[in-house]
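What follows is the residue order along each chain.
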Amino acid sequence: MPTEDRRVLKTRKLIDDTCWALMQEKPFDEITVRDIAQRAAINRATFYRYHTDKFDWLEGKIREMVREVAEKSGGLLTASATKADVAAFEAIFDHLDAHYAQYALLLRHKSTGIVQDLLSEMHIQLKAQAGDQNLAPLEEMRFHYSMSAVVGAIEWWLRNDRPISSKDMARELGQMHSGWHGDIQK
């Protein structure tokens with residue numbers, strides 16, 4: 001597969017940086033492609049060469065971020081809890097912490113449904129990683145419940161400006177996850 005031209009990479013990064021900067025200044029719904037083009041000192045046609053509209057850019061960023069979270073956890077989350085879950089949670093929270101500024105911007109712009117999209121995508125990725133295709137309906141429901149709680153905890157942590165360390169979050173979620181799945185075995 002041929003690598004992208006450096007100019008293409010530079011232009012994509014310029015668009016990304018500009019969009020993130022504008023999101024710090026005003027609600028995403030109020031940002032226009034004209035705003036992006038003017039701030040980036042490109043013409044609108046250049047923006048449209050890479051994205052169909054601002055929502056296409058945003059959806060691409062969300063998918064990229066979710067893919068990175070999934071890669072960082074390395075498929076370690078399982079339908080039945082193991083010590084690997086804590087390592088997966090550590091990887092996830094380390095990633096979230098390292099990219100906090102972007103996640104915080106996404107959460108701030110909740111009127112666009114970004115938060116729900118991001119968290120839904122994250123839940124789907126976590127479920128797929130766990131390989132729970134062959135779970136009995138009750139086990140699948142419990143796994144869905146626990147992963148929804150994980151996603152809720154992630155949102156809480158980000159919205160509250162990371163009030164506890166990523167390591168503490170990982171440990172707590174690992175223990176809760178183990179507790180939920182330990183109860184299944186009883």
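Below: a short report on this structure. (Residues numbered from 1 in each chain as written. Predicted model: local features only at pLDDT ≥ 70, side-chain atom pairs only at ≥ 80, totals over all residues. Heavy atoms only, no water.)

Each helix and strand in the protein was counted, giving nine helices and zero strands. Order of helices (α) and strands (β) in the protein, N terminus to C terminus: α-α-α-α-α-α-α-α-α. Sorting the 186 residues of the protein into buried and exposed places 40% on the buried side. Put simply, of all contacts in the protein between residues at least 6 apart along the chain, 66% involve residues at least 24 apart. Surface accessibility of the protein: about 10,400 Å² in total, with carbon and sulfur atoms responsible for 52%. (Helix = DSSP H or I, 4+ residues; strand = E, 2+ residues; numbered from the N terminus. Buried < 20%, exposed > 50% of the residue type's maximum accessible area, 1.4 Å probe, protein only. Contact = heavy atoms within 4.5 Å. Areas by Shrake-Rupley, 256 points an atom, 1.4 Å probe, with all protein chains shown as cover.)

Once that is clear, we can look at unusual backbone geometry. Backbone geometry places alanine 41, a non-glycine residue, at a positive phi of 60 degrees. Here alanine 41 shows up in the loop between α2 (33-40) and α3 (44-50). In this structure, aspartate 161 takes a positive phi of about 60 degrees despite not being glycine. Among the structural elements, aspartate 161 can be located in the loop between α8 (137-159) and α9 (166-185). You can call aspartate 161 partly exposed: its relative accessible area is 46%.

Summed over all chains, the structure comprises eleven salt bridges. Ionic pairing is found between arginine 7 and aspartate 5, a salt bridge with its closest N-O pair at 2.8 Å. Overall, the relative accessible area of 63% leaves arginine 7 in the exposed class. Take aspartate 5: its relative accessible area is 33%, and that puts it in the partly exposed class. Close ionic contact of glutamate 64 with lysine 61 constitutes a salt bridge, the shortest N to O distance being 2.9 Å. Of this pair, glutamate 64 and lysine 61 both sit in helix α4 (residues 54-73), three residues apart, roughly one helical turn. Owing to a relative accessible area of 27%, glutamate 64 belongs among the partly exposed residues under this scheme. Three or more residues joined by partner-sharing salt bridges are found here, namely Asp16, Lys61 and Glu64. (Salt bridge = Lys/Arg side-chain N within 4 Å of Asp/Glu carboxyl O.)

Before going further, it helps to examine the packing of helix α1 (residues 6-25) against α2. Running from N to C, α1 and α2 cross one another at 115 degrees; their axes reach a closest spacing of 9 Å. Considering the relative orientation of α1 and α2, their crossing is right-handed. Residues Leu14, Thr18, Cys19, Ala21, Leu22 and Glu25 of α1 form the contact with α2, whose participating residues are Asp35, Ile36, Arg39 and Ala40. Split by residue class, the contact of α1 with α2 holds six nonpolar, one polar and three charged. (Axes fitted to C-alpha atoms, helices over the stretch in contact; angles between N-to-C directions. Left-handed = near helix turned anticlockwise from the far one by under 90°. Nonpolar A, V, L, I, M, F, W, Y, C, P; charged D, E, K, R; others polar.)

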